[in-house]
Amino acid sequence: MRLTFDWDDIDLQDERAQKGLQELKKRFEHIFYRISSSGHGLHFIISDSKEQIIPKDFTEEEVISHRQDFLDMDLECGGRFRTDLLRRQAGTTWGRLFTVKNGKTCGEWRYLE
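Everything numeric in this text was worked out from a predicted model, so none of it was measured.

(A) Structural context of the pattern of salt bridges. Counting across every chain of the model gives 13 salt bridges. When the shortest N-O distance is used, the salt bridge between Asp74 and Arg16 registers 4.0 Å. With Asp74 in the loop between α2 (60-72) and α3 (78-90) and Arg16 in helix α1 (residues 15-27), this pair connects stretches of sequence that are 58 residues apart. Its relative accessible area of 27% is what places Arg16 among the partly exposed residues. In this structure, the salt-bridge partner of Arg87 is Asp84, at a minimum N-O distance of 3.3 Å. Within this pair, Arg87 and its partner Asp84 are both found in helix α3, separated by three residues, close to a single helical turn.

In structure tokens form, the structure reads like this:
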């Protein structure tokens, strides 16, 4: 399963984001990010490659654990996390990031240096 993060109401220069980015870089080798459709948030995906997004495979338990850690740091979107837990329990698709929301499009994926 792919591991994605959704951080709302934050940008890369935010002090809280900087702490989160340090933690992401400690845990994962290849990280891509984009600006969310609102323009006031960040999406991340963990990759097996620096050249292109090849989603790294995680167990469902690992995905939940990592996302919970970043929720505890007040970064991961709590509403998405809780809804994903319900979707998982119901056996439906979860862990998705939308490219278009409310008619607005996310930014392009970029490699996190």
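(B) Molecular detail of the nonpolar core. Core analysis: the largest hydrophobic core is formed by 22 residues, its most contacted members being Phe5, Trp7, Leu24, Phe28 and Phe44. For this core, the secondary-structure elements that each account for two or more residues are β1 (4-8), α1, β2 (30-35), β3 (41-47) and α2. Not counting residues up to four positions away in its chain, the partners in contact with Leu24 are Phe5, Trp7, Ile31, Phe44 and Phe70.

(C) Here's a closer look at the pairing of β2. Judged by how many residues are buried, β2 sits mostly within the fold: five of six residues are covered. Counted along the chain from β2 to the antiparallel partner β3, the turn is five residues long, and its residue Gly39 has a positive phi close to 85°. Bridge count for β2 against strand β6 (residues 110-111) is two bridges, and the pairing is antiparallel. Opposite Tyr33, over in β6, you have Arg110 as the bridge partner.

(D) The arrangement of the side chain of Arg34 in detail. Relative to the helices and strands, Arg34 resides in strand β2. Nearest to the buried, unbridged Arg34 among oppositely charged side chains is Glu108, at 8.0 Å. Of the polar contacts made by the side chain of Arg34, one reaches the backbone oxygen of Phe98; its length is 3.1 Å. Contacts of Arg34, omitting those with residues within four sequence positions, involve Gly41, Leu42, His43, Leu97, Phe98, Thr99, Cys106, Gly107, Glu108 and Trp109.

(E) The arrangement of the packing of aromatic side chains in detail. Under the defined criterion, the tally for this structure stands at six aromatic pairs. The interplanar angle of 65° and the centroid separation of 4.9 Å between the aromatic rings of Phe5 and Phe70 together place this pair among those described as edge-to-face. Of this pair, Phe5 sits in strand β1 while Phe70 sits in helix α2, and the two are 65 residues apart along the sequence. For the pair Phe28 and Phe58, a centre-to-centre distance of 5.9 Å together with 90° between the ring planes defines the contact as edge-to-face. With Phe28 in the loop between α1 and β2 and Phe58 in the loop between β3 and α2, the pair connects residues that are 30 residues apart, well separated along the chain. Using a relative accessible area of 9% as the deciding quantity, one classes Phe58 as buried. A network of ring pairs unites the aromatic residues Phe5, Trp7, Phe28, Phe44, Phe58 and Phe70 as a single cluster.

(F) Fine view of unusual backbone geometry. The backbone of Asp9 shows a phi angle near 55°, a positive value even though the residue is not glycine. Residue placement: Asp9 occurs in the loop between β1 and α1. The exposure class assigned to Asp9 is exposed, which follows from its relative accessible area of 65%. Notably, Asn102 is not glycine yet its phi reads approximately 50°, a positive angle. Along the chain, the position of Asn102 falls in the loop between β4 (100-101) and β5 (104-105).

Criteria and thresholds
- Residues numbered from 1 in each chain as written.
- Predicted model: local features only at pLDDT ≥ 70, side-chain atom pairs only at ≥ 80, totals over all residues.
- Heavy atoms only, no water.
- Salt bridge = Lys/Arg side-chain N within 4 Å of Asp/Glu carboxyl O.
- Helix = DSSP H or I, 4+ residues; strand = E, 2+ residues; numbered from the N terminus.
- Buried < 20%, exposed > 50% of the residue type's maximum accessible area, 1.4 Å probe, protein only.
- Core = buried A, V, L, I, M, F, W, Y, C linked by side-chain atoms within 4.5 Å.
- Contact = heavy atoms within 4.5 Å.
- Pairing = 2+ DSSP bridges.
- Lys, Arg positive; Asp, Glu negative; His and termini not counted.
- Polar contact = N/O pair within 3.5 Å; in protein donor to acceptor, adjacent residues only side chain to side chain.
- Phe/Tyr/Trp six-rings, centres within 6.5 Å; stacked < 30°, edge-to-face > 60°.

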